[in-house]
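Letter by letter, the chains look like this.
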Amino acid sequence: MDRESVDKGTARTAAELRVQLAQMTAASQMLERCAWDEKSRGYLAALNQGICRMLRTVGRLELAGRLAEETPRLELAAVDLGELTAELGERMEGLLERTGVRLTVSGPERMSARADEALIRQMLLELTANAAQAGRRVTVTLERSGERAVFTVTDDGPGISPERVAYLFSSQEERLPDWRRGGMGLAIAHRIARLHGGTLMADCAPGQGLRVSASIPLREGEGRVLKSRAVHWDGGGFDEALVGLSHLLPAEAFVPEDFE
């Protein structure tokens, strides 16, 4: 089969899975009405956990496919990167506490850039999830360097040898240790940075954790060609941070908020 046929087949499969996941989500919402005892809440949390993890997988496949298009369309607009980082960081911090990971987020209150907000959020989520998979302490910082915004995500997990750094942003994850395999997450983050006219770089050493920096211009980058669908992340109605971190979170994190 040629690449185009494979891509179309993958897209159809993802669309079919979306339909099934929508039905499962609807069933989960109906079950909330009668799941009042502890046992029922546990079953419902496990169901929501499975749905979110499947949504994460399907969403990343769809997003990777769209980002791989020759001229993916970005929804460029004025975005306050400072507010975005603080808001998303606060939600990720609360969720990661359940896994024993301490997340620290810092940056200016305001920093305006012309960017695709949904993709920048996804890039930050992917970088943080990758770090939390490897370490117990994760730091996210946003700084201004000249006319560029720099997101830096560091962790205290096992580092990797310099010769393996290049594989962090590729599909050759079998060359990486298990705790550094993000399932295309860093490759997605790398593509998002590049589409904004930026770069993604990693600095690490064995036993010294990993530092990944995404630098994007504060003004306009690529993505002005309107030939394809807008690129976005669809969490299927669930919170984006919950879906994006679902592979790390315990079932208890998926109990509906009304029960807590």
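Let us look at the structure shown here.

Calculation rules
- Residues numbered from 1 in each chain as written.
- Predicted model: local features only at pLDDT ≥ 70, side-chain atom pairs only at ≥ 80, totals over all residues.
- Heavy atoms only, no water.
- Helix = DSSP H or I, 4+ residues; strand = E, 2+ residues; numbered from the N terminus.
- Expected span 1.5 Å × (residues − 1).
- Buried < 20%, exposed > 50% of the residue type's maximum accessible area, 1.4 Å probe, protein only.
- Arc of directions from axis to C-beta.
- Polar contact = N/O pair within 3.5 Å; in protein donor to acceptor, adjacent residues only side chain to side chain.
- Core = buried A, V, L, I, M, F, W, Y, C linked by side-chain atoms within 4.5 Å.
- Contact = heavy atoms within 4.5 Å.
- Pairing = 2+ DSSP bridges.
- Axes fitted to C-alpha atoms, helices over the stretch in contact; angles between N-to-C directions.

**So, helix 3 (residues 81-96)**
Helical periodicity: at 3.6 residues per turn, an α-helix aligns residues three or four positions apart in one direction.
Turning to step 1, where the next piece is worked out: Spanning 16 residues, helix 3 covers 21 Å between terminal C-alpha atoms, matching the ideal 22 Å at 1.5 Å per step.
Turning to step 2, where the next piece is worked out: Among all positions of helix 3, only Leu81, Gly82, Leu84, Thr85, Leu88, Gly89, Met92, Leu95 and Leu96 are buried. Across the axial projection of helix 3, the buried residues extend over an arc of 155 degrees, all falling on one side.
Turning to step 3, where the next piece is worked out: Between the side-chain oxygen of the N-cap and the backbone nitrogen of Gly82 there are 3.0 Å, and the N-cap of helix 3 in question is Asp80.

**Some thoughts on the nonpolar core**
Turning to step 1, where the next piece is worked out: Core analysis: the largest hydrophobic core is formed by 62 residues, its most contacted members being Leu81, Ile120, Met123, Leu127, Phe151, Leu200 and Leu245.
Turning to step 2, where the next piece is worked out: Counting residues per element, this core draws most heavily on helix 4 (residues 117-134), which supplies nine residues.
Turning to step 3, where the next piece is worked out: Ignoring anything within four residues of it in the chain, the contact list for Leu127 reads Val153, Leu186, Ala189, Leu200, Val212 and Ala214.

**Observations regarding the sheet that holds strand 4 (residues 137-145)**
Turning to step 1, where the next piece is worked out: One open sheet accounts for five strands, arranged 2-4-5-7-6; its pairing is mixed. Each having just a single partner strand, strand 2 (102-106) and strand 6 (199-204) make up the two edges of the open sheet. Mean inter-strand twist for the sheet, computed between neighbouring axes without regard to direction, equals 15 degrees.
Turning to step 2, where the next piece is worked out: Most of the contacts of helix 4 go to strand 5 (residues 148-155), to which it runs at about 20 degrees, and overall it touches strand 2, strand 4, strand 5, strand 6 and strand 7 (210-217).
Turning to step 3, where the next piece is worked out: Those strands touched by helix 5 (residues 185-195) are strand 6 and strand 7, and its axis lies near 135 degrees from that of strand 6.

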